[in-house]
Amino acid sequence: MVERRPKSVTVTWVFTGTPIPLVALYETLVDGATIDDFVEWFPGVDIQQVRALLEFEAQELCSTVER
């Protein structure tokens, strides 16, 4: 669902097969947009990628809190 772009200066995480950085999703959601909005505004990212990423992040957060 995501990959690193090692050739970029900042080694940015992007959605697989796109140049769209994950930070774009987080910033969009913080600004009040929905997942559907994000997928519409950023062609190439599909809703399954976004849902899988957010589910993974939620699980990681929960496991960190439990430690």
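Analysis parameters
Residues numbered from 1 in each chain as written. Predicted model: local features only at pLDDT ≥ 70, side-chain atom pairs only at ≥ 80, totals over all residues. Heavy atoms only, no water. pLDDT = per-residue confidence, 0-100. Helix = DSSP H or I, 4+ residues; strand = E, 2+ residues; numbered from the N terminus. Phe/Tyr/Trp six-rings, centres within 6.5 Å; stacked < 30°, edge-to-face > 60°. Axes fitted to C-alpha atoms, helices over the stretch in contact; angles between N-to-C directions. Parallel < 35°, antiparallel > 145°, perpendicular 65-115°, else oblique. Contact = heavy atoms within 4.5 Å. Nonpolar A, V, L, I, M, F, W, Y, C, P; charged D, E, K, R; others polar.

All right, on to the confidence of the model for the chain then. Overall, the predicted model of the chain reaches an average pLDDT of 89, with 91% of residues at or above 70. Mean pLDDT across the elements of the chain ranges from a minimum in strand β1 (residues 2-5), with 81, to a maximum in helix α2 (residues 35-41), with 97.

A separate point is the packing of aromatic side chains. Tallying each qualifying case throughout the model produces two aromatic pairs. Three or more aromatic residues joined by ring pairs form one cluster here, namely F15, F38 and F42.

It is at 12 Å that the axes of helix α1 (residues 22-30) and helix α3 (residues 47-66) come closest, and there the two elements cross at 80°. Judged on the interaxial angle alone, α3 and α1 are roughly perpendicular. Contacts from L22, L25, Y26 and L29 of α1 reach α3 at V50, L53, L54 and E57. Tallied by class, residues from the contact of α1 with α3 come to seven nonpolar, no polar and one charged.

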